[in-house]
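Coordinate inspection notes
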Amino acid sequence: MAQFRAAPRHDALTTDQGVRVDDTDNALRAGTRGPTLLEDFHNREKITHFDHERIPERVVHARGAGAYGYFENYEPLGEYTCADFLAEAGRRTPVFVRFSTVQGPRGSADTVRDVRGFATKFYTREGNYDLVGNNMPVFFIQDAIKFPDFVHAVKMEPHNEMPTGASAHDTFWDFCSLQPESTHMLMWLMSDRAIPRSFRMMQGFGVHTFRFVTAEGRGTFVKFHWKPKLGVNSLVWDEAQIAAGRDPDFNRRDLWEAIEAGEYPEWELGVQLVPEEDEFSFDFDLLDATKIIPEEQVPVRPIGRLVLNRNPQNFFAETEQVAFHTANVVPGIDFTNDPLLQGRNFSYLDTQLIRLGGPNFSQLPVNRPLADVNHNHRDGFGQQVIHPGTNYFPNSLGGGCPAHAGAGGGAGVFRHYAQRVDGEKIRVRSESFQDHYSQAALFWNSMSDWEQRHIVEAFRFELGKVESVPVRERMVGNLAQVNGELAAQVADGLGLPAPAAAEGITTAASPALSQENLTGTGGI
Ligand code: HEM
């Protein structure tokens, strides 16, 4: 076919079929003042395409900004993982990163109080690896089955679609007050971390405990941390509100302009590594996404740096159509049984099938792996590839994809980490997930005076917008479990009496962890 293709010429507008158009300003009509004719295929095609320009926005993290760059590894990590992109000092891997808010729709303001997404796609030589993190190290819920409830509560209220860009409303606080596992995350959300000055000045976290796996199949638990070279800097609340009014694109613009000016933002990737045999040596469960591993207990080891140095050319094609997925892993990186992570591993592909119109979105330029792709997946909406030959396996007639690598397939093949799983088939939250306050208290106690003041002011502001007095009271009751002074100050600002528990603060300790008192360790 190529020999028949006309030389590209950009001197005239064409239709989708490549036919040059004489006039795109006037529809074909019967007479100068007559009706428009259906026969005008250019007019119909132009309007039809326009009518179909919008796709559904992401159900969460709808508003975002992205950029390209690279990740550079500091040292060979073969002792812990066989991931190729971490195998050699100085190896560079291209990346695309998308930062986002969570709650608001695509057109909402940047500087609202919210969690920020920090999602990175590494285009490695062994396939795409996505680290789909946030700028806070913990999450609101422990089990993904609660995510639809949580998001329904945090999103705009169903009757009037308000508020469109902040968490200050009854349903959110109702849910969280009834859900003490949210308490630790709420402390982060009410802190200045929730109003970053710039995407360039945000930390990122993989949140879950993941697993590094060596070529020999040995596992090590790993938590991922991004640390910004410019340090962590936030807005103060008044600034955030002014910026939301004056420049709703405040964070997006900052990222874009820094990259255009050649001031490339940079982060360091660090890992906390925990040997498999130490799984039960903490007073919290490594599988519980509402917990951090304190850095005093397991220091963060820097392993590489991320540099963003190129803005996208087309927001829709790249930033909007990029599809991150926690299940996009490469050899050397695997999951744990964290029930939040297990649910995410289902949800992202499922939502992208509808958001990006069918099963072929990995062929879009921003999602396409640099590694070779060979499989027998065929057809479907948006298929871009003209596959020759047959499409099944095993196959003696020729065509189709090559055989799978098999057990002896050597390096660079993904093999699931072999973990023993047994337990009763039950719907129950592990006992080891029950302490919801100790780390919230740890966070509060680690804050300086002014940081604590900002947290109290944020609780007062947000809860002050809640109409339901029982919800306010319940929330203050939860805070009393974290710190009596915090609860008393918030209560005072809301005109409520200090809760009784505020005098004798209890922070329930986790039951000691052991193999015996953990049940149901299987995945989905
Ligand atoms: C989107 C992070 C929990 C479902 C995102 C994005 C990030 C993110 C960064 C935006 C990706 C982008 O820029 O395109 C997280 C973190 C979580 C978490 C760090 C907890 C540790 C969950 C859970 C679910 C979920 C539990 C569902 C069970 C989704 C969905 C999207 C999304 C459906 C939209 C994806 C798309 O349309 O492409 N999440 N999330 N997330 N998340 Fe999560």
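Bear in mind that the values here come from a model prediction, so they are computed numbers and not experimental data.

Parameters and conventions
- Residues numbered from 1 in each chain as written.
- Predicted model: local features only at pLDDT ≥ 70, side-chain atom pairs only at ≥ 80, totals over all residues.
- Helix = DSSP H or I, 4+ residues; strand = E, 2+ residues; numbered from the N terminus.
- Rg over C-alpha atoms; globule rule 2.2 N^0.38 Å.
- Buried ≥ 20, exposed ≤ 12 C-beta atoms within 10 Å, placed from the backbone.
- Contact = placed C-beta atoms within 7 Å.
- Near = placed C-beta within 6 Å.
- Nonpolar A, V, L, I, M, F, W, Y, C, P; charged D, E, K, R; others polar.
- Pairing = 2+ DSSP bridges.

A short note on the overall build of the protein chain
For the protein chain, the count of helices and strands is 12 helices and 10 strands. Radius of gyration (C-alpha) of the protein chain: 26 Å, near the 24 Å computed for a compact globule of 524 residues. Seen through its principal axes, the protein chain has C-alpha atoms that stretch 85 × 70 × 45 Å. Counting only residues that meet the buried cut, the protein chain has 38% of its 524 residues in that class. Put simply, 72% of the contacts in the protein chain that link residues at least 6 apart link residues at least 24 apart.

Quick notes on the environment of Asp254
When you line up the elements, Asp254 lands in helix α6 (residues 250-260). Look at Asp254 and you get buried, because 20 C-beta atoms sit within 10 Å. For Asp254 and Arg200, which are 54 residues apart along the polypeptide, the C-alpha to C-alpha distance reads 8.4 Å. Beyond its immediate stretch of four places on either side in the chain, Asp254 contacts Ser198, Phe199 and Arg200.

Things to note about the environment of Ser198
You can see Ser198 is positioned in the loop between α4 (183-189) and β5 (204-205). A sequence separation of 52 residues divides Ser198 from Phe250, and the C-alpha atoms of the two residues are 8.1 Å apart. When neighbours within four sequence positions are excluded, Ser198 is seen to be in contact with Asn233, Asn251 and Asp254.

Some points on the site of the ligand
If you check the shell around the ligand, you find 28 residues, and the closest are Arg58, His61, Arg98, Gly117 and Ser347. For the shell around the ligand, the secondary-structure elements that each account for two or more residues are β2 (92-101), β3 (116-124), β4 (127-134) and α8 (339-355). Element by element, the count of residues in the shell around the ligand is highest for α8, at 8 residues. Along the lines of polarity and charge, the residues of the shell around the ligand split into 14 nonpolar, 10 polar and 4 charged.

Details of the pairing of β3
Across the 9 residues that make up β3, a large majority, 9, are buried. Burial along β3 is two-sided: the residues Arg116, Phe118, Thr120, Phe122 and Thr124 and Gly117, Ala119, Lys121 and Tyr123 are all buried. Taken together, the 7 bridges between β2 and β3 define a ladder with antiparallel strand orientation. Each residue of the ladder has a partner; that of Phe99, found in β3, is Phe118. Summarising the sheet, β3 and β4 pair through 8 bridges and their orientation is antiparallel. The partner of Lys121 across the bridge, within β4, is Asp130. Following β3, the chain reverses through 2 residues before pairing antiparallel with β4.

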